[in-house]
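Here are the chains, one letter per residue:
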There are 2 protein chains.
Amino acid sequence: MIVTVTLNAAVDVTYRLDRLDRHGSNRVREVAQRAGGKGVNVSRVLGALGHETVVTGLAGGAAGQALRADLAAAGLREELVPVAGETRRTVAVVEEADGDTTILLEPGPAVSPAEWSAFLTRYERLLAGAAAVVLSGSLPVGLPPDAYGVLVGLARAQRVPAVLDADGEALRGGLPAGPALVKPNAAELAAVTGAADPRAGAGWLRAAGAGSVVASLGPDGLLACTPQGSWRARPPERVAGNPTGAGDAAVAALTVGLVAGTPWPDRLADAVALSAATVLAPLAGSYDADAYRSMRQRVRVEPLGADGPCTAEQA
Amino acid sequence: MIVTVTLNAAVDVTYRLDRLDRHGSNRVREVAQRAGGKGVNVSRVLGALGHETVVTGLAGGAAGQALRADLAAAGLREELVPVAGETRRTVAVVEEADGDTTILLEPGPAVSPAEWSAFLTRYERLLAGAAAVVLSGSLPVGLPPDAYGVLVGLARAQRVPAVLDADGEALRGGLPAGPALVKPNAAELAAVTGAADPRAGAGWLRAAGAGSVVASLGPDGLLACTPQGSWRARPPERVAGNPTGAGDAAVAALTVGLVAGTPWPDRLADAVALSAATVLAPLAGSYDADAYRSMRQRVRVEPLGADGPCTAEQA
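As the structure is a prediction and not an experimental result, all values here were calculated from the model.

Here we take up the UniProt feature "domain: Carbohydrate kinase PfkB" (unreviewed entry) in chain A. Sites flagged by UniProt as "domain: Carbohydrate kinase PfkB" (unreviewed entry) map to residues 10–285 of chain A. Here residues 10–285 of chain A is 38% helix and 26% strand, with 14 Å between the C-alpha atoms at its ends.

Laid out in structure tokens, this is it:
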């Protein structure tokens, strides 16, 4: 079983209307809502791939109830720990005239020390049956900055490999505990390491404690820096669509590969193809199965030669 | 007891942020939410004035639960009838730099015939103990266009006077049943009657079935056309602030006056002062008590002479 942790889970709301009139009164034509947050998206993809998975994290208030109900409707097992605050909503206002989207992100609830402690108890219990744990997304207010370090450490103590997909302080706080894999995107990597070259940034993250680093480079695919070698994996063609959740699909594929011990080139090809197939599907956490199969055969994976090892010294 | 009916109740959400970046990603600094809808605001004001009141209408989903919880926290009795759909949210995005506000209005749930029938049963029970009933706001999808006519008729059958605050089709559908009072604003009045002069529009509404008509003219106060005569009531000064709920405060005062049989000039002075005091308070359904007392003494109420009777013929 793969456990995904979403400490700052969300209800993703989509409003569709003709055109957003800033400073005006806008009638929304259609409202859709769905459980969201990066770890939730990872579990959706894992479930669709046929893997056993459980969603944990924190949830509270009316939005927390809506989140639970949506996971139940999707057939995803959840072990969310209740908090007193209200789970955040993200609102995407989509203008149907041209598809332009305005995003509003609620800050999310503040978490008390007692709630964090209750989460840790649940997390340790879930680790007992876990093949891997995925730690995704931002930290809510009230958690210690090294919260991910604590979670990685507890996983390692039970010999469960941890995959960390976070940025900024939250990512930095998780590195010393030694996550098996971290998956920043290019912008997050540059912001955390100060390195313009993603190979140098990846080397920096490994020096800081990450076992392997896979950086997502948007439409250019993935860069992997691992103890077994370094690779670039590129999609066979550029795809247009909704990039939300593409990184989460890559995390799902990489975690499956980690658990199965798949050779790196195959893991990376899976991750690139699944990520591109997610861009082609309208909702985060869904993917186009035909596109996945077709692209899987055509992803180009190249080992990085002497000109491209991942070392911190390149920074 | 005064019963307020809000068939399309809402959870009013306020997002505060620096500046709304259209087509960008916006982090909301602060989220507030509160039970909303015009009838709910009327009950809030009635409660603050010390009158017994009960909120009824339709509520469903996570937003419906949040609405109920907020009414309970405010000490307002509610007899909302459950529906399967999700109660709508209204989102006000306030830019703190300059106070400019963008409003997003969800459409609200569709109501089934069985739900409407369950509401009518509850409504008839509540009418048994009611001194007046206030019918406020838009009709959700699924209700008959003469829904307000049905509710006015049921109230009259139990000798309970009905106050109707609606616009367009919903207002038109309520008139033939003979509401004791309707309270459009100037724009609603012009849209429904086609009359540019509010006196002519008010005359039209009376001819169509309304007992009395009080039109709210924004900062210019109120125009009343009644079987006892016609009046203009003007606030002593213009007030700046949040006009949301000002009309609902006027409805609350007018309904109290209706139940008590207060002479029209006093009712109108109460309504104008309470309405202006609501503009000075930050939230709909609240008012500035000192401003109310101060302005109450200074509202100017004038009978309309020979140049201004309210007749449909002026249209």
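With that settled, consider the sheet that holds strand β2 (residues 10–17) of chain A. Ordered by their spatial adjacency, five strands build an open sheet running β4(A)-β2(A)-β7(A)-β8(A)-β3(B), and the pairing between neighbours is mixed. One side of each edge strand has no neighbouring strand; the edge strands of this open sheet are β4 (30–36) of chain A together with β3 (25–27) of chain B. Averaged over all pairs of adjacent strands, the angle between their axes in this sheet comes to 20°, without regard to strand direction. With seven bridges connecting them, β2 of chain A and β4 of chain A associate as antiparallel partners. Along β4 of chain A, the bridge assignment pairs Asp12 of chain A with Arg34 of chain A. Contacts from helix α2 (residues 61–73) of chain A reach β2, β4 and β7 (88–95) of chain A, with the element oriented near 80° to β4 of chain A.

With 30 residues of chain B at the contact, the number on the chain A side is 30 residues. Buried area between chain B and chain A, summed over both chains or domains, comes out near 2600 Å², and the portion from carbon and sulfur atoms is 52%. There are two salt bridges connecting chain B and chain A. The salt bridge involving Glu95 of chain A is made with Arg22 of chain B; its shortest N-O contact spans 2.7 Å. Joining chain B to chain A, the criterion identifies 20 residue pairs in polar contact (both at pLDDT 80 or more). For the side of chain B that touches chain A, the element with the highest residue contribution is strand β8 (residues 101–105) of chain B, accounting for five residues. By residue class, the composition of the side of chain B that touches chain A is 13 nonpolar, eight polar and nine charged. With three bridges connecting them, strand β8 (residues 101–105) of chain A and β3 of chain B associate as parallel partners. In the sheet register, Leu105 of chain A faces β3 of chain B, and the bridge partner there is Arg27 of chain B.

Rules and cut-offs
- Note that residues are indexed from 1 along each chain, following the sequence as it is written.
- Chains and ligands are labelled by the order in which they are written, letters from A for the one and numbers from 1 for the other.
- The model is predicted, so local features are restricted to residues of pLDDT at least 70 and side-chain atom pairs to those at 80 or more, both for listing and for counting; the totals for chains, interfaces and linings are taken over all residues.
- The side-chain numbers reported here are obtained from all heavy atoms of the structure, hydrogens and water having been left aside.
- UniProt positions are given in the numbering used here, feature names are shortened, and annotations may be inferred rather than shown by experiment.
- Secondary structure is summarised from DSSP: a helix means a run of H or I of at least four residues, a strand means a run of E of at least two, and numbering begins at the N terminus for each.
- Pairing between strands requires that DSSP locate at least two bridges from one strand to the other.
- The axes used here are C-alpha line fits, helices contributing only the stretch in contact, and every angle between their N-to-C directions lies in the interval 0 to 180 degrees.
- What makes two residues a contact is simply this: any of their non-hydrogen atoms within 4.5 Å.
- As used here, buried area is the combined drop in accessible area, with a 1.4 Å probe, of two parts when they are placed together.
- Any Lys or Arg side-chain nitrogen found within 4 Å of a carboxyl oxygen on Asp or Glu counts as a salt bridge.
- N or O atoms within 3.5 Å of each other form a polar contact, as long as, within protein, one can give a hydrogen and the other can take it, and as long as residues adjacent in sequence are counted only when both atoms are side-chain atoms.
- By the convention adopted, Pro, Cys, Tyr, Trp, Phe, Met, Ile, Leu, Val and Ala count as nonpolar, Lys, Arg, Asp and Glu as charged, and the other residues, Gly among them, as polar.

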